[in-house]
Amino acid sequence: SLTDYIAVKGHETFLPHTAGRYQKRKFRKALCPIVERLCCSLMMHGRNNGKKLMAVRIVKQAFEIIHLLTDLNPIQVYVDAV
């Protein structure tokens, strides 16, 4: 039931930093790439507000660790976890 809200196909981006306005209309955030939504959710709680490049770096390093430990596609592991 979540397949309509997990944007993976057709939303491939090299960096999860599209600077898109996904909050302007209802349900438009479902079109936001799922990795970018993960990065945006990391940018919360005071000292991390607005530091998207730091969040992108953390996600990239986490995906590299997942790939090294499991030899699987880290985005597929993330989609399965969601």
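Reference entry: report on the structure contained in this document. (Residues numbered from 1 in each chain as written. Predicted model: local features only at pLDDT ≥ 70, side-chain atom pairs only at ≥ 80, totals over all residues. Heavy atoms only, no water.)

## Let's talk about the state of the cysteines
Phase 1: Following the criterion strictly, the structure yields 0 disulfides and no others.
Phase 2: There is no disulfide at C39, and the cysteine sulfur nearest it, in C40, is 6.8 Å away.
Phase 3: Judged by its relative accessible area of 0%, C39 falls in the buried class.
Phase 4: No disulfide involves C40; its sulfur sits 5.9 Å from the nearest other cysteine sulfur, which is in C32. (Disulfide = S-S within 2.5 Å. Buried < 20%, exposed > 50% of the residue type's maximum accessible area, 1.4 Å probe, protein only.)

## Digging into helix α1 (residues 34-42)
Phase 1: Those residues of α1 not exposed but buried are I34, V35, E36, L38 and C39.
Phase 2: On its buried face, α1 sits against α2 (52-70) and α3 (74-81). (Helix = DSSP H or I, 4+ residues; strand = E, 2+ residues; numbered from the N terminus. Contact = heavy atoms within 4.5 Å.)

## Topic: α2
Phase 1: With 19 residues, α2 ought to run about 27 Å at 1.5 Å a step, and its terminal C-alpha atoms sit 27 Å apart, in line with that.
Phase 2: Along α2, the residues classified as buried are K52, A55, V56, V59 and F63. Projected down its long axis, α2 carries its buried residues within an arc of 100°, all on one side. Of the exposed residues in α2, those oriented more than 90 degrees away from the buried face are L53, L68 and L69.
Phase 3: Just downstream of α2, D71 is the residue with a positive phi angle, here 55°. (Expected span 1.5 Å × (residues − 1). Arc of directions from axis to C-beta.)

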